[in-house]
Amino acid sequence: SQQGEEDPQALSIQEGENATMNCSYKTSINNLQWYRQNSGRGLVHLILIRSNEREKHSGRLRVTLDTSKKSSSLLITASRAADTASYFCATDTGRRALTFGSGTRLQVQP
Amino acid sequence: GAGVSQSPSNKVTEKGKDVELRCDPISGHTALYWYRQSLGQGLEFLIYFQGNSAPDKSGLPSDRFSAERTGGSVSTLTIQRTQQEDSAVYLCASSLRGVVGGYTFGSGTRLTVV
């Protein structure tokens with residue numbers, strides 16, 4: 001099974017609503033990162049949260065990290081149609097490369 | 001350049017042929033990564049280059065896959081004797097600070113083996 005697993009696999013909401021995606025992981029981490037991937041494009045780095053941080057904000061994004069539960073959540077507030085994309089969590093476990101989850105596909109209906 | 005550049009953006013090849021995929025990272029980024037993404041799936045780590053250190057090849061799925069990075073800049077991923085299961089999007093990323101910072105990804109090469 002994967003180090004990072006996102007939940008749900010797919011999410012459909014209306015514009016203006018909040019979207020919450022979760023990521024669970026198995027081994028201890030140094031940091032956890034969230035990326036967005038628009039269809040047919042590469043991934044874009046959104047936000048990084050370190051293992052000693054519990055919450056972080058960037059614009060409409062809010063990330064939480066619970067190392068005791070080995071889980072993180074990404075909240076997008078007041079969603080827009082342009083937020084439609086796949087969202088991936090990635091973990092730094094001390095290896096030389098990030099380990100990515102399988103992603104959550106978010107559809108924001110206008 | 002301003003971003004990570006990958007070429008070609010699309011490649012269709014016949015089973016058994018060799019292919020070369022190119023990645024031009026952001027100038028000054030010493031870390032370079034190759035990942036593979038199958039349709040609707042997450043990213044599978046392939047190989048990692050850091051400066052002049054020996055690359056981490058632990059993710060390469062078979063000896064048909066190889067990669068090099070010349071002069072600490074441009075990287076080429078080579079797949080020999082391609083198979084249909086090699087069909088995927090191959091993503092390259094570079095980073096200034098490795099895993100402790102964020103990656104900048106290219107748009108990928110979509111490889112289709114027919």
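In what follows, the structure referred to is the one given above.
Residues numbered from 1 in each chain as written. Chains lettered and ligands numbered in written order. Predicted model: local features only at pLDDT ≥ 70, side-chain atom pairs only at ≥ 80, totals over all residues. Heavy atoms only, no water.

Side note on the overall build of chain B
For clarity, the cut-off: Starting at the N terminus, helices and strands are each numbered in turn, a helix being any DSSP run of H or I of at least four residues and a strand any DSSP run of E of at least two. Using C-alpha atoms as the atom set, the radius of gyration is obtained and then compared with a globule rule of 2.2 Å times the number of residues to the power 0.38. The buried label applies to any residue whose accessible area, calculated with a 1.4 Å probe on protein chains only, is under 20% of its type's maximum; exposed applies above 50%, and partly exposed to all values in between. Whether two residues touch is decided by their heavy atoms; if any such pair falls within 4.5 Å, the residues are in contact. In this tally Asp and Glu are treated as negative and Lys and Arg as positive; neither His nor the chain ends contributes. For the purpose of locating charges, the reference atoms are NZ of Lys, CZ of Arg, CG of Asp and CD of Glu.
In terms of helices and strands, chain B carries 0 helices and 10 strands. Counting from the amino terminus, helix and strand elements in chain B follow one another as β-β-β-β-β-β-β-β-β-β. The C-alpha atoms of chain B give 13 Å as radius of gyration, which agrees with the globular expectation for 114 residues (13 Å, within 12%). Dimensions of chain B, computed from C-alpha atoms along their principal axes, come out at roughly 40 × 25 × 25 Å. Taking all 114 residues of chain B together, 49% fall into the buried category. Contacts in chain B between residues at least 24 apart in sequence constitute 54% of all its contacts with a sequence separation of at least 6. Counting 11 positive and 10 negative side-chain charges, chain B places the averaged centre of each group 3 Å from the other.

With respect to the overall build of chain A
When helices and strands are tallied, chain A shows 0 helices and 11 strands. Helices and strands appear in chain A in the N-to-C order β-β-β-β-β-β-β-β-β-β-β. Compactness check: chain A gives a C-alpha radius of gyration of 13 Å against a globular reference of 13 Å for 110 residues, within 12% of the reference. The 110 residues of chain A split such that 45% are buried. Put simply, of all contacts in chain A between residues at least 6 apart along the chain, 54% involve residues at least 24 apart. Taking the 14 positively charged and 10 negatively charged side chains of chain A as two groups, their mean positions are separated by 6 Å.

Some thoughts on the state of the cysteines
Put simply, the rule is: Whenever a pair of cysteine sulfur atoms sits within 2.5 Å, that pair is classed as a disulfide.
Enumeration over the complete set of coordinates arrives at 2 disulfides over all chains. There is a disulfide in this structure between Cys23 of chain A and Cys89 of chain A, and the S-S distance comes to 2.0 Å. The disulfide joining Cys23 of chain A to Cys89 of chain A has a torsion of about 65° about its S-S bond and is therefore right-handed. Here Cys23 of chain A is found in strand β3 (residues 19-24), whereas its partner Cys89 of chain A is found in strand β9 (residues 85-92), with 66 residues between them in sequence. We note that Cys23 of chain A, like Cys89 of chain A, is buried. The side chain of Cys23 of chain B participates in a disulfide bridge whose partner is Cys92 of chain B; the two sulfur atoms lie 1.8 Å from each other. Handedness here is read from the sign of the S-S torsion; for Cys23 of chain B and Cys92 of chain B, about -65°, the answer is left-handed. Placement of Cys23 of chain B in strand β3 (residues 19-24) and of Cys92 of chain B in strand β8 (residues 88-95) is noted, with a sequence separation of 69 residues between them. Each member of the pair, Cys23 of chain B as well as Cys92 of chain B, is classed as buried.

Quick notes on the pattern of salt bridges
Residues and elements named next belong to chain B. Here is the rule we go by: Take a side-chain nitrogen of Lys or Arg and a carboxyl oxygen of Asp or Glu: if they are within 4 Å of each other, that pair is a salt bridge.
Tallying each qualifying case throughout the model produces 5 salt bridges over all chains. Residues Glu44 and Arg36 are paired through a salt bridge, measuring 3.1 Å at the closest nitrogen-oxygen approach. Take Arg36: its relative accessible area is 10%, and that puts it in the buried class. Close ionic contact of Arg64 with Asp86 constitutes a salt bridge, the shortest N to O distance being 2.8 Å. You can see Arg64 sitting in the loop between β5 (43-50) and β6 (65-69) and its partner Asp86 sitting in the loop between β7 (75-79) and β8, a full 22 residues away along the chain. For Arg64, a relative accessible area of 12% gives the class buried.

Observations regarding the nonpolar core
Test applied: Among the buried residues, those of types Ala, Val, Leu, Ile, Met, Phe, Trp, Tyr and Cys that are joined through side-chain atoms within 4.5 Å form a nonpolar core.
Formed by 21 residues in total, the largest nonpolar core has its most connected members in Leu32, Trp34, Leu74, Ile76, Tyr87 and Leu106 of chain A. Among the secondary structure elements, those contributing two or more residues to this core are β3, β4 (31-37), β5 (43-50), β7 (61-66), β8 (71-76), β9 and β11 (104-109) of chain A. Leave out the neighbours within four places in its chain, and Leu74 of chain A touches Ala19, Thr20, Met21, Trp34, Leu46, Leu61, Arg62, Val63 and Tyr87 of chain A. Within the second largest apolar cluster, 20 residues are counted, among which are Ile47, Leu60, Ala88 and Val113 of chain B.

Examining the sheet that holds β6 of chain B
Residue and element names in this part refer to chain B. Stated formally: Any two strands with at least two DSSP-identified bridges between them are counted as paired. Here, axes are lines fitted to C-alpha atoms. For helices the fit covers the stretch in contact, and angles between N-to-C directions go from 0 to 180 degrees.
Taken in spatial order, the 4 strands of this open sheet run β1-β3-β7-β6, and their pairing is antiparallel. Each of the sheet's edge strands pairs with one partner strand only, and the pair in question is β1 (5-7) and β6. Mean inter-strand twist for the sheet, computed between neighbouring axes without regard to direction, equals 15°. As paired strands, β3 and β7 are joined by 5 bridges and run antiparallel to one another. Pairing of Glu20 across the sheet is with Thr78, part of β7.

Shape is all these values report; function is a separate question.
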